[in-house]
Amino acid sequence: MAEELLMSDSMIKVYGALRMSVKMLLMWNSEMQIDGGGDAMVGTSLLEASNLVVLREKSSIYSNANLGVHGQGLLKLSGSGDTIKAQRLILSLFYNINVGPGSVLQAPLEDAAKGDLAPRLNCESPSCPEELIHPPEDCSVNTSLSFTLQICRVEDITVDGLIQGSVIHVHRARTVAVNAGGLITASRLGCKGGVGKGHVENAGAGGGGGHGGQGGDGYLNGVSSRGGEVYGIADLPCELGSGSGNSTSEGTTAGGGIIVMGSMEHSLSSLNIFGYVRVDGESNHQAAGNQSATNMGGSGGGSGGSLLLFLHSLTLGNNSLVSSAGGHGGHVGGGGGGGGRIHFDWSNIPTGDEYAPLANVKGTIYTRGGMGSDGGHDGKDGTVTGKECPEGLYGIFCEECPIGTYKDTNGSDISLCQPCPPEEIPHRGTYISVRGGVTQPSCPYVCLSEKYHMPYCYTPLEELMHTFGGPWLFGLLLSGLLVLLALVLSVARMKIIGTDEFSGPVPPPHESQIDHSFPFLESLNEVMESTRTEESETHVHRMYFMGPNTFGEPWHLPHSPPHRIDSIVYEDAFNRFVDEINSLAAYQWWEGSVHSILAVLAYPFAWSWQQWRRRKKVQQLRDFVRSEYDHACLRSCRSRALYEGLKVTALIYGCYYYQIQSSSRGPQNLHAWNFSTEESGWWLFPTTLLICKCIQARFVDRHIANLEVQDRTLYSNDPAKFWDS
């Protein structure tokens, strides 16, 4: 016992067993060798360090017997050449174990001498050793157990170097991290025979060992050697891999060993692998001869071992590898070894809203069979399994079932994720992922767009239709409502606008004293109040609007006056009149737009709108002709009135003047139109009439210039018309 043991460039060599207890052990380029002498009665060596064990600069601790290293602090193998090797090695109670790059933890010894105490492997037992599933809690060195290298009750293990053993067990650890370049391996350290060993016929070619997959048959000179059989349990593998079987041959091969991390009671919190974890079978590249040496044939490859992981979560980084592959068959004709077994036993699988992925796998996991050589057959692939998944999850890593499937039973096979019933989802719906997977046939979904409404992914109009019993019933109901609305509107039209709103304050027929001796323009009111049988004999012509009076083609009048009224209208004024009428009769663009929209949505409303706008147009035309237009397009209306007025005025004035002259000379017995030339005033009346005629001609001169009236002056081409007027 000592407080500290500091070794630098030194060596301690012990024969027998070593008991050492220190607080701190520091080794610098030093060695500690323990030689048990091959005696099974020699006790296990035990090294205890309560605080720190550090090996640096190619320092080593070596035992050809059993060795236990216990501590409460840090065990660190700093770098290349730092090693701890023994036939059986147990590391326990440390807070942290750090295996640096190039460092080695190894048990058993590969280069052990013939007399060294080697651990016994259970190669012929098909059952799983109990201590691998339920290991003891005391972490003591027990030679009766099947472990060759155990790490027990250590919080964190970091591997940048090499950990190697036939049966490696990590028990009651919290985290294990295998960094890039780190390796934990039990490859080629299994059985050379075993339960699934290959067979060797007299021809000399050996079959490969079997385990998770059957070993490949050996073949030489037309003779086949059967490969080893499959054995073990895929969901709880803890068997050693088997070899080629011909253990007496020089080129015999061994199967892979066993690596177990965690236990049923104590799982790893996390396993992070960025390097390698391997339990591969051994490959053979040599030729082997039979006992008679008449033929030479290659041995079969060893089968992969077992990798059993009890854990909460797994991370496999890029370029990482987890492998239990079979070895390759030897030259000539050796069969390939079968693949081994890998199993992930998840300690706690969250479900539902608590679900979180158990594994992040970017590396490689495989249990391929080894290749045969020169006619030998390849070994079959091994198995990779996971713990049975609960409802909604599937696969090795208990992932959520694919979108559009559900799983309502326990199990890991993807075939248990059944497609969701297609009748449960509308045609505008799409399935969505659910945390923890879908456990019922009614799979959740969402609509393809926000414009559709759950649960049937209908548009608002479709929702309305289905509220009233579906499209057919809704269409029938809507048609009935439209028909009813049309009837109501028709009745309302007859009640409200049934009276002739076009009629105006027209006097009764007996009061109408229109003088038709001259051309005139009837108002629309007068036209609509009359019929063809009521038309006067002096009626010249009736003009009708052209066009169907629709929004696209409204009423209009032609610009050229009809030949029957050509002589009584001014063409320019008539054209202006027609332009004004056509502009009033035309509809605005928005009136047609409203009609088009209503025609699509509700045709009865469109019809009512058209009738209303037509009535408004007729009313505007009537008001224009009745009250606003001055009839300027017609000839003689104003000029004829002026002409007749001046003629009467001249006559009255002449008579009046003559009466005054006659009364001053007393009564005369003359005829009104027979004057005597002897009277001095006889010339006054003709002279006055002639002057009035001249004045009248000057007043109507502008109308004559426009041919508004016939020329009745003395200057006309027909002077007789002067006296006829």
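Residues numbered from 1 in each chain as written. Predicted model: local features only at pLDDT ≥ 70, side-chain atom pairs only at ≥ 80, totals over all residues. Heavy atoms only, no water.

(A) Up close: the overall build of the protein. Summing up its helical and strand segments, the protein has eleven helices and 37 strands in all. Expressed as a percentage of the 725 residues in the protein, the buried residues total 44%. A sequence separation of at least 24 residues applies to 61% of the contacts in the protein between residues at least 6 apart. Accessible area for the protein stands at about 37,000 Å²; split by element, carbon and sulfur atoms hold 55% of it. (Helix = DSSP H or I, 4+ residues; strand = E, 2+ residues; numbered from the N terminus. Buried < 20%, exposed > 50% of the residue type's maximum accessible area, 1.4 Å probe, protein only. Contact = heavy atoms within 4.5 Å. Areas by Shrake-Rupley, 256 points an atom, 1.4 Å probe, with all protein chains shown as cover.)

(B) Examining a nonpolar patch on the surface more closely. A grouping of Leu-461, Leu-464, Phe-468, Leu-477, Leu-478, Leu-481, Leu-484 and Val-488 is seen on the molecular surface, where their side chains present a nonpolar patch of about 710 Å² in accessible area. Of all elements in the fold, only helix H2 (460-467) and helix H3 (471-497) reach the threshold of two or more residues within the nonpolar patch. Considering every element that reaches the nonpolar patch, the biggest residue donor is H3, with five residues. The residue Phe-468 is located in the loop between H2 and H3 in this model. Given the relative accessible area of 40%, Phe-468 is considered partly exposed. (Patch = residues over 30% accessible without salt bridge, like charges linked within 9 Å, V, L, I, M, F, W, Y side chains within 5 Å. Salt bridge = Lys/Arg side-chain N within 4 Å of Asp/Glu carboxyl O.)

(C) Just the confidence of the model for the protein, in detail. On average, the protein scores 80 in pLDDT, and the residues at 70 or more come to 77%. No element of the protein has a lower mean pLDDT than helix H4 (residues 524-528), which averages 45, and none a higher one than strand S23 (residues 276-278), which averages 97. This stretch, residues 666-679, has a pLDDT under 50; its non-local contacts, to residues over four places away or in other chains, come to eight contacts. Of the regions scoring below 50 in pLDDT, residues 702-711 engages in 20 contacts with residues more than four places distant in sequence or in other chains. (pLDDT = per-residue confidence, 0-100.)

(D) Up close: the side chain of His-171. Mapped onto the secondary structure, His-171 falls in strand S16 (residues 167-171). Exposure remark for His-171: the relative accessible area of 1% places this residue in the buried category. Ignoring sequence-local partners within four residues, the contact set of His-171 consists of Pro-135, Pro-136, Glu-137, Gln-150, Ile-151, Cys-152, Arg-153, Ser-263 and His-266.

(E) Highlighting the pattern of salt bridges. Evaluated as defined, the whole model comprises ten salt bridges. Close ionic contact of Glu-3 with Lys-23 constitutes a salt bridge, the shortest N to O distance being 3.2 Å. Residue Glu-3 is located in strand S1 (residues 2-8), and its partner Lys-23 is located in strand S3 (residues 19-28); the two are separated by 20 residues in the primary sequence. Among the charged side chains, a network of salt bridges with common partners joins Glu-137, Arg-153 and Arg-172.

(F) Just the sheet that holds strand S2 (residues 11-15), in detail. The strand order S2-S4-S6-S9-S12-S15-S18-S23-S27-S30 describes an open sheet built from ten strands, whose pairing is parallel. If you trace the sheet from one side to the other, it starts and ends with S2 and strand S30 (364-366), each paired once. Neighbour-to-neighbour, the strand axes of this sheet turn through a mean angle of 5°, independent of strand direction. In the sheet, strand S12 (residues 104-107) pairs with strand S15 (residues 162-165) via four bridges, with the strands oriented parallel. (Pairing = 2+ DSSP bridges. Axes fitted to C-alpha atoms, helices over the stretch in contact; angles between N-to-C directions.)

(G) Focus on the state of the cysteines. Scanning all chains against the criterion turns up seven disulfides. With a sulfur-sulfur separation of 2.2 Å, Cys-389 is cross-linked through a disulfide to Cys-398. Sign of the S-S torsion, about -95° for the bond between Cys-389 and Cys-398, identifies this disulfide as left-handed. Each of the two residues, Cys-389 as well as Cys-398, counts as buried. Covalent S-S linkage joins Cys-420 and Cys-443, the inter-sulfur distance amounting to 1.7 Å. Taking the sign of the torsion about the S-S bond as the criterion, the disulfide between Cys-420 and Cys-443, at about -85°, is left-handed. Linking Cys-420 in the loop between strand S35 (418-419) and strand S36 (429-431) with Cys-443 in the loop between S36 and strand S37 (445-447), this pair joins segments that are 23 residues apart in sequence. Among the residues examined, Cys-443 registers a relative accessible area of 7% and is labelled buried. (Disulfide = S-S within 2.5 Å.)

(H) Structural context of unusual backbone geometry. In the segment running from Ala-107 into Pro-108, the intervening peptide bond is cis, with an omega of 5°. Note that Pro-108 resides in the loop between S12 and helix H1 (130-133). Between Met-454 and Pro-455 the backbone carries a cis peptide bond, its omega angle lying at 5°. Note that Pro-455 resides in the loop between S37 and H2. Notably, Arg-153 is not glycine yet its phi reads approximately 55°, a positive angle.

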